[in-house]
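Observations on chain architecture
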Amino acid sequence: MTARERCEVAVIGAGPAGACAALAAARAGARVVLVERAAFPRAKVCGCCLAESGIAALAAAGAGDALAGATPLRAIRVVSGVRAMTLRREAGVAIAREDLDARLVDAARRAGAEVRFETSARIEPDRSVQLTRGERVSTLDARTVIVADGLQGGALDGVPGFDWRIAPRSMMGFGALLPSGSLDCPRGEVHMHVAREGYIGAVRLPSGEIDIAAAVAPAALRSAGSVAACARGLLAGVAHDADAFTRARWRGTPQLTRVRARLAAPGILVAGDAAGYVEPFTGEGMSWAIATGLAAGELAARDAEAHLAWAARHAALVARPKWRCRAIARILRSPALVAAAIAIGSRAPRPFERLAARLEGAVLP
Ligand SMILES: Cc1cc2nc3c(=O)[nH]c(=O)nc-3n(C[C@H](O)[C@H](O)[C@H](O)COP(=O)(O)OP(=O)(O)OC[C@H]3O[C@@H](n4cnc5c(N)ncnc54)[C@H](O)[C@@H]3O)c2cc1C
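Residues numbered from 1 in each chain as written. Predicted model: local features only at pLDDT ≥ 70, side-chain atom pairs only at ≥ 80, totals over all residues. Heavy atoms only, no water.

1. Thoughts on the overall build of the protein
Operational definition: Under the DSSP-based scheme used, a helix requires at least four consecutive residues in state H or I and a strand at least two consecutive residues in state E, with every element numbered from the N terminus. Note on classification: 1.4 Å probe, protein chains only; a residue is buried when its accessible area is under 20% of the maximum for its type, exposed when over 50%, partly exposed between these limits. Here, two residues are considered to be in contact whenever any of their heavy atoms come within 4.5 Å of each other. Methods summary: accessible areas were calculated by the Shrake-Rupley approach with a probe of 1.4 Å, and residue burial reflects only the protein chains presented. We score Asp and Glu as negative and Lys and Arg as positive, and we do not count His or the chain ends. Where a charge lies is defined by one atom per residue type: Lys uses NZ, Arg uses CZ, Asp uses CG and Glu uses CD.
Assigned secondary structure in the protein consists of ten helices and 21 strands. The dimensions of the protein, computed from C-alpha atoms along their principal axes, are 65 × 40 × 40 Å. Per-residue burial for the protein yields a buried fraction of 52% across its 365 residues. Once local pairs closer than 6 in sequence are excluded, the contacts in the protein between residues at least 24 apart make up 71%. Roughly 15,800 Å² of accessible area belongs to the protein as shown, and the carbon and sulfur atoms make up 53% of that amount. Here the protein contributes 47 positive and 34 negative side-chain charges, whose respective centroids are spaced 6 Å apart.

2. Remarks on empty space enclosed by the protein
Left-over empty space is what a probe sized like a water molecule reveals as it rolls over the atoms. What counts is decided by this rule: Cavities and pockets were defined on a 1 Å grid built over protein atoms only: a cavity is a set of grid points that admits a 1.4 Å probe from which the probe cannot escape, a pocket is an open set flanked by protein on both sides within 12 Å along at least five of seven lines, and lining residues are those with an atom within 4 Å of any such point. Grid points are joined across faces, edges and corners, and a volume is the space filled by probe spheres set on the points. Following the grouping adopted for this structure description, the nonpolar residues are Ala, Val, Leu, Ile, Met, Phe, Trp, Tyr, Cys and Pro, the charged ones are Asp, Glu, Lys and Arg, and the polar ones are all others, Gly among them.
Counted according to the given criterion, the structure contains two cavities of 30 Å³ or more. Its boundaries defined by the atoms lining it, the largest cavity holds a volume of some 50 Å³. Mapped by element, the contributors of at least two residues to the lining of the largest cavity are strand E21 (276-277), helix H7 (285-302) and helix H8 (306-332). Ranked by residues supplied to the lining of the largest cavity, first place goes to H7 with four residues. Considering only residue class, the lining of the largest cavity consists of five nonpolar, five polar and two charged. As a volume, the second largest cavity reaches approximately 30 Å³. As for the second largest cavity, its lining consists of Met 171, Val 194, Ala 195, Arg 196, Glu 197, Gly 198, Tyr 199, Leu 332 and Arg 333.

3. Considerations on unusual backbone geometry
That bond from Phe 40 to Pro 41 is cis: its omega, -5°, falls within 30 degrees of zero. Although it is not a glycine, Cys 48 sits at a positive phi angle of roughly 65°. For Cys 48, the position within the fold is in the loop between strand E2 (32-35) and strand E3 (49-50). On the basis of relative accessibility, which here comes to 3%, the residue Cys 48 falls in the buried class. Non-glycine residue Glu 118 carries a positive phi angle of around 50°.

4. Description of the nonpolar core
As a reminder, the rule being used: We call a set of buried Ala, Val, Leu, Ile, Met, Phe, Trp, Tyr and Cys residues a nonpolar core when their side-chain atoms join them within 4.5 Å.
Counting 98 residues, the largest nonpolar core has Val 32, Leu 58, Ile 146, Val 147, Ile 268 and Trp 310 as the members making the most contacts within it. Sort the elements by how many residues they give to this core and H7 lands first, with nine residues. Not counting residues within four places of it along the chain, the set of residues in contact with Val 32 comprises Val 9, Val 11, Ala 22, Ala 25, Ala 26, Ala 113 and Glu 114. In terms of nonpolar packing, the next biggest core, distinct from the first, is built from 20 residues, Val 216, Ala 228, Leu 235 and Trp 250 among them.

5. So, the packing of helix H1 (residues 16-27) against helix H3 (residues 97-110)
This is how the line gets drawn: Angles run from 0 to 180 degrees between N-to-C directions of axes, and those axes are lines fitted to C-alpha atoms, restricted for helices to the stretch in contact. In what follows, roughly perpendicular refers to angles from 65 to 115 degrees, roughly parallel to angles under 35, roughly antiparallel to angles over 145, and oblique to any angle outside these ranges. For any pair of crossing helices, the crossing counts as left-handed if the nearer helix is rotated counterclockwise from the farther one by less than a right angle, and right-handed if it is rotated clockwise.
At their nearest, the axes of H1 and H3 sit 8 Å apart, and the two run at 20° to each other. On the basis of the axis angle, H1 is roughly parallel to H3. Where H1 crosses over H3, the handedness of that crossing is left-handed. The segment H1 lies against H3, with Pro 16, Ala 19, Cys 20, Ala 22 and Leu 23 engaging Arg 97, Asp 101, Leu 104, Val 105, Ala 107 and Ala 108. Here the contact of H1 with H3 is built from residues that sort into nine nonpolar, no polar and two charged.

6. A word on the pattern of salt bridges
Oppositely charged side chains may form a pair once their charged atoms are brought near each other. Applied cut-off: Each reported salt bridge corresponds to a side-chain nitrogen of Lys or Arg within 4 Å of a carboxyl oxygen of Asp or Glu.
Going through the model one piece at a time under the given rule, you end up with twelve salt bridges. Here Glu 114 and Arg 31 are joined by a salt bridge, their closest N and O atoms 3.2 Å apart. Of this pair, Glu 114 sits in strand E8 (residues 114-116) while Arg 31 is found in the loop between H1 and E2, placing the two residues 83 residues apart along the sequence. What makes Glu 114 partly exposed here is its relative accessible area of 31%. According to the relative accessible area criterion, Arg 31 is partly exposed, its value standing at 37%. For Arg 333, the salt bridge is made with Glu 279, and the minimal N-O distance between the two is 2.4 Å. A residue pair is termed long-range when its members are at least 10 positions apart, and Arg 333 in the loop between H8 and helix H9 (335-347) and Glu 279 in the loop between E21 and H7 qualify at 54 residues.

7. Here's the deal with H7
Worth spelling out the cut-off: Helix span, expected: 1.5 Å multiplied by one less than the number of residues in the helix.
Over its 18 residues, H7 extends 26 Å from the first C-alpha to the last, a length consistent with the 26 Å expected when each residue adds 1.5 Å. Most of H7 sits out of view: 16 of its 18 residues are buried.

Here it is in structure tokens:
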């Protein structure tokens, strides 16, 4: 017989969404168990730029100290072929995901959540949570389960109705950390290189290492022959250390642009990337994850019928920014539009700087 235990709120996945959900639910007085498949700190394909809305949401949740030592961002340089524009924009920070995620989990633990690493969770058709740690299998019964297992989790695979709908022309993500001198990328600047087949971003982390993250069409990845070659191709001209690219530990993602057929059912709420994702160009995924995680945790702690309110609450938080992100992704698919925008922006950056500031809407739970 497998061991069986109970809690009020179970959270699956300890990325920003899950850690913030556990933090909010524990703060609201619930008995919370946060379950994470990986050992921490763990790497994650990510551009590592947290937008102003995410910074504000963490501060409002009393978790602003998770950003200690993060590098303030002051400019974004967009390059396409031979054209480039630099927009001054003092907004957002760069921070390694290993650091941010571990600190958010610590905040949840300090608030009272019980955290279990190297434990994989799966929801059974009867809504209990099956936990697997090595050879040991146990069952967790929770009043509400918050699923925050990202794009590759599988915690909902056994529950009917939660299928993914993946956009037909969806890109795939990949990324790695490169040593300090392998690329020209001054501290505080985000570099985005845009091409027909996708885009790649680079930012210097507080440690001095350079985080590289890209979204590309699956066919482009195949024809490049390797992820390192694809990255170097997208960064044409600025990648001086070819060996660093070959030696780097590249990680990939499945197709990015997707939505869940539903976001809630009795006893289940879905938050963060597990609820759907668009594309990384606007650097908002972590902010959406933080906002929806905090809101799901708070709702689950105080409302046994949380599932009834969740889809509307989720949409109120992220529907608009996701729509905007989709619109920008569409523009990026047009080389002529990108070239025209850069040609104008390189001579007159102010309107673009003002537009970028206006476009980032607050995502506060
Ligand atoms: C190329 C790229 C660049 C990006 N750049 C940025 C950026 O600059 N800024 C930004 O804000 N966002 C960016 N994002 C998006 C951002 O990475 C995600 O939106 C964010 O990580 C979502 O957080 P999450 O907590 O929902 O999921 P995740 O961070 O994916 O966390 C999910 C967690 O669940 C765990 N897990 C999975 N399955 C199970 C299971 N069955 N049981 C237990 N645990 C499980 C995983 O191990 C993982 O730790 C980027 C994404 C990509 C692909």
